[in-house]
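Chain by chain, the residues:
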Amino acid sequence: MELGPYILLATLEGMITASVLALTAVGLSLVFGVMRVVNIAHGEFFMLGAVIAWCVAQMLGGHPAVGFAAALVIAPLLVGSLAIAADMTILKRLDYDPERTIVATIGLLYIIQQLTLMSFGPEARPVQPPFNTRIALPWFEMGADGFKLIWPWGLGTTTYKLFVIVAAAALLLAVRLMMTRTKIGLLMRATQADREMALAFGIPVERIYALVFGIGAGLAAMAAVLIVPIQQAHYLMGADPLLLSFIVVIIGGLGSLPGTVVAAILIGLSDGIISVFFSPTLAKILATLLVGLVLVFRPQGLFGIRSV
Amino acid sequence: MLELRGVNAGYDQAQVLRDLSLEVRAGEILCLLGRNGAGKTTTMKTIMGLLPLMSGEITLDGQVISNMPAYEIPRAGIGYVPQGRRLFTGLSVAQNLEVGLRARNSGADTLEEVLDLFPRLRERLQQPAQTLSGGEQQMLATARALCLRPKVLLLDEPTEGLQPSMIEAIRQVILKMRADGIAVLLIEQRLDAVLPVADRVAFIENGRNGETLSAETLRGDPSIAASYMGV
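None of these values were measured; they are calculated from a predicted model.

Parameters at a glance
- Residues numbered from 1 in each chain as written.
- Chains lettered and ligands numbered in written order.
- Predicted model: local features only at pLDDT ≥ 70, side-chain atom pairs only at ≥ 80, totals over all residues.
- Helix = DSSP H or I, 4+ residues; strand = E, 2+ residues; numbered from the N terminus.
- Rg over C-alpha atoms; globule rule 2.2 N^0.38 Å.
- Buried ≥ 20, exposed ≤ 12 C-beta atoms within 10 Å, placed from the backbone.
- Contact = placed C-beta atoms within 7 Å.
- Core = buried A, V, L, I, M, F, W, Y, C linked by C-beta atoms within 7 Å.
- Axes fitted to C-alpha atoms, helices over the stretch in contact; angles between N-to-C directions.
- Parallel < 35°, antiparallel > 145°, perpendicular 65-115°, else oblique.
- Left-handed = near helix turned anticlockwise from the far one by under 90°.
- Nonpolar A, V, L, I, M, F, W, Y, C, P; charged D, E, K, R; others polar.
- Expected span 1.5 Å × (residues − 1).
- Bend = angle between axes of the 7 residues up to and from the residue.
- Pairing = 2+ DSSP bridges.
- UniProt positions renumbered as here; feature names shortened; annotations may be inferred.
- pLDDT = per-residue confidence, 0-100.

> Looking at this model, I keep getting lost on the overall build of chain A. Mind explaining?
Secondary structure summary: chain A contains 11 helices and 4 strands in total. Compactness check: chain A gives a C-alpha radius of gyration of 20 Å against a globular reference of 19 Å for 308 residues, within 12% of the reference. With the C-alpha coordinates aligned to their principal axes, the bounding extent of chain A is approximately 75 × 50 × 35 Å. For chain A, the proportion of its 308 residues judged to be buried stands at 46%. Taking the intrachain contacts of chain A between residues at least 6 apart in sequence as the baseline, contacts between residues at least 24 apart amount to 76%.

In structure tokens form, the structure reads like this:
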């Protein structure tokens, strides 16, 4: 097989990474943007989403689609409620102080991770995808008689992988509509712009914070439910999404949702392509290098607004 | 209408207000005058519940508001126009006003009335708030507070840095609010900006009450102000 099909394959894999990453990072970005809280435990909310998806699939049994559909609803709700509880019992008591919340979420990270290890165990456990039909992809060839479609061996994807991309895009669109078109989105953006004035205009900021923290964690959990049929659930799986989410949020501009999505596609695609042709480690090295460059030359991120 | 009784308040360990008492009546403009750092802005933030009260009591229409959570205080009927305008950046003019409308569930008729007071905002409804000129931003900050249909209006240096025509426009709105029976608490730096509109002037010095005089008296003898205002 020539180079072209490999690139197509790598791009497809990259798109899956990108779409799941975009969902996870938008959750992190929302929490940072509105609450100014750097949530180190975000990756663990992602991991919990995957673990809960496995548990739900095990308990329900039957056709994989039943468990999957249930997990897609139950996991974000459970993880979101846990996050709201963490917000009300921990972050609120720290007055959302930027430094102390970092330390607190590091603690939360280890608590969630170790509790999962003690209950779920150290094994990686697979979840059946709800549907998984193979689709062969065509490639073109310049033959003697001009263009010709061929079906190279090994070039293909599955319906589930395409579904992940579509579902993530739909969820991102839903988040955007929530922020721009709904009452709660308006209150969130007003709180993000000026917390004190939000209070002075009757916005219950603490309730908004709890909700935002819950939604942020719920988005991470949903991303994990989408990826777990491809990747398996494991108690340490939160580290990579956390690192990549931070990379994406910094490159895209802290608090900017469109910037986060663009950066997620950039990082996801390059991660996919570089991992296929070189090594996953090199992909991470380059992404981290890019963060360094962005921080030096454009500290507000690609889409961020420099504060006046 | 709005009454502060023996209020002590400040930032963390630094107490700013000491036993401060004030009363703003319905349909009057009370102006708070004092040097920089005397505690004028702190007084407003304390009324809004944005700073913790160490002791004392604040009532609105006889109802104690100083023990309410901060977000309930505007809902009780206090509109706040803060220093430096502090609009919600990133939100359009219309959305800034909507936040004001939602605070007390005011309807579309309130929005129409407010826009009639500030016709320039009507032309810019879809524009992001931060792209307005300084004067328009001040109009928006005032309009946002009026969207609450407040019983009490707090204005912190509403004419700071504005051109004379804008100052006049804002002043006319303040006078109209007084005529509608709203209690207005106004902070200004300069005495000459205050005297034409104020009914009473309360001086504040190092967070404590100074004299409270009628504007008549001050107009007759502006030298009284000198000791509170410095050079």
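> What exactly am I supposed to notice about the overall build of chain B here?
Within chain B one finds 10 helices and 10 strands. Relative to the globule expectation of 17 Å for 231 residues, the C-alpha radius of gyration of chain B, 17 Å, shows essentially globular dimensions. Projecting the C-alpha coordinates of chain B onto the three principal axes gives extents of approximately 45 × 40 × 30 Å. In chain B, buried positions account for 42% of the 231 residues. Considering only contacts in chain B between residues 6 or more positions apart, those separated by 24 or more positions represent 70%.

> Explanation requested: the nonpolar core in the structure shown.
Considering soluble globular proteins, one finds that nonpolar side chains tend to be buried as a cluster. Core analysis: the biggest nonpolar cluster contains 168 residues, and A53, A221 and A224 of chain A together with V152 of chain B have the highest contact counts within it. Counting residues per element, this core draws most heavily on helix α8 (residues 205-231) of chain A, which supplies 18 residues. In this structure, A224 of chain A is in contact with F46, M47, G49, A50 and A53 of chain A, ignoring residues within four places of it in sequence.

> Looking at this structure, I do not really get the packing of helix α2 (residues 42-60) of chain A against α8 of chain A. What am I missing?
Axis angle and axis distance: for two packed helices, these are the angle between their axes and the distance between the axes, and together they describe the pair. All names here are of chain A. Put simply, α2 and α8 touch, their axes get as near as 7 Å, and they point 50° apart. Considered as vectors, α2 and α8 are oriented oblique to each other. By crossing handedness, the relation of α2 to α8 is classed as right-handed. Where α2 abuts α8, its residues H42, F45, F46, M47, L48, G49, A50, A53 and W54 lie against A217, A220, A221, M222, A223, A224, V225 and V228. Tallied by class, the residues present in the contact of α2 with α8 amount to 15 nonpolar, 2 polar and no charged.

> Sorry if this is basic, but what is going on with the interface of chain A and chain B here?
A common measure of how large an interface is: the accessible area buried when the components associate. Between chain A and chain B, the contact holds 14 residues from the first and 18 residues from the second. Mapped by element, the contributors of at least two residues to the side of chain A that touches chain B are α6 (183-193) and α7 (195-200) of chain A. Tallied by class, the residues present in the side of chain A that touches chain B amount to 10 nonpolar, 1 polar and 3 charged.

> In this structure, what is going on with the environment of K40 of chain B? I would like to understand it.
Residue and element names in this part refer to chain B. Mapped onto the secondary structure, K40 falls in helix α1 (residues 40-47). Counting along the chain gives 146 residues from K40 to L186, while the straight-line C-alpha distance between them is 9.5 Å. Excluding residues that lie within four positions of it along the chain, K40 makes contacts with L32, G34, I187 and I204.

> What is the right way to read helix α3 (residues 64-91) of chain A from this model?
An α-helical segment advances 3.6 residues per turn. Residues three or four places apart therefore align on the same side. When the terminal C-alpha atoms of α3 of chain A are compared, their 38 Å separation across 28 residues agrees well with the 40 Å that a helix rising 1.5 Å per residue should span. At A71 of chain A, α3 of chain A shows its largest kink, close to 30°.

> Can you walk me through the sheet that holds strand β10 (residues 208-214) of chain B in this structure?
Strand pairing in a sheet relies on backbone hydrogen bonds. The paired strands run either parallel or antiparallel. All names here are of chain B. The mixed open sheet is built from 6 strands, whose spatial order is β6-β7-β8-β3-β9-β10. If you trace the sheet from one side to the other, it starts and ends with β6 (78-81) and β10, each paired once. Pairs of neighbouring strands in the sheet enclose a mean axial angle of 20°, with direction left out of account. Note: β6 against strand β7 (residues 152-156), 4 bridges, orientation parallel. By the bridge assignment for β7, Y80 is matched with L154. Helix-sheet contacts for α1 involve β3 (29-33), β6, β7, β8 (183-187) and β9 (200-205), and the interaxial angle to β7 is about 145°. Packed onto the sheet, helix α7 (residues 164-179) meets β3, β7 and β8 and runs at close to 150° relative to β8.

> Would you mind going over the UniProt feature "transmembrane region" (unreviewed entry) in chain A with me for this structure?
Residues and elements named next belong to chain A. The residues that UniProt annotates with the feature "transmembrane region" (unreviewed entry) are residues 6-33, 45-62, 68-90, 102-121, 160-179, 208-230, 242-269 and 276-297. The span residues 160-179 is 100% helical and 0% strand by assignment, and the distance between its end C-alpha atoms comes to 28 Å. Secondary structure within residues 276-297 divides into 91% helix and 0% strand; the distance between the first and last C-alpha atoms comes to 29 Å.

> Explanation requested: unusual backbone geometry in the structure shown.
Most of the time, phi is negative for any residue but glycine, and the peptide bond is trans. Its identity as a non-glycine residue notwithstanding, D95 of chain A has a phi of 60°, on the positive side. With respect to the helices, strands and loops of the structure, D95 of chain A is situated in the loop between α3 and α4 (98-120). Its identity is not glycine, yet R149 of chain B carries a phi of approximately 50°, on the positive side. On the basis of neighbour counts, which here come to 19 C-beta atoms within 10 Å, the residue R149 of chain B falls in the partly exposed class.

> Explain the sheet that holds strand β4 (residues 53-60) of chain B to me, please; I cannot follow it from the model alone.
All names here are of chain B. Spatial ordering of the open sheet is given by β2-β1-β4-β5, a layout of 4 strands whose pairing is antiparallel. At either end of the open sheet lies a strand with only one pairing partner, and these are β2 (14-24) and β5 (63-64). Note that β4 and β5 share 2 bridges and pair antiparallel. Of the residues in β5, the one forming a bridge with L60 is Q63. Contacts from α1 reach β1 (2-11), β2 and β4 within the one sheet, and its direction differs from that of β2 by about 75°.

> Mind showing me how you'd approach the packing of helix α1 (residues 3-35) of chain A against helix α10 (residues 257-277) of chain A here?
Residue and element names in this part refer to chain A. Closest axis-to-axis distance for the α1/α10 pair is 6 Å, and the angle between their directions is 145°. Where α1 crosses over α10, the two elements pack in a sense that is right-handed. Grouping the amino acids of the contact of α1 with α10 by side-chain chemistry returns 18 nonpolar, 7 polar and 2 charged.

> I keep staring at the confidence of the model for chain B and nothing clicks. Help me out?
Detailed reading of the predicted coordinates is not advisable wherever pLDDT falls low. All names here are of chain B. When pLDDT is averaged across chain B, the result is 90; 99% of the residues are at 70 or more. β6 holds the highest mean pLDDT among the elements of chain B, 96, whereas helix α10 (residues 223-229) holds the lowest, 76. The ipTM value of the predicted complex is 0.92, and its pTM value is 0.91.

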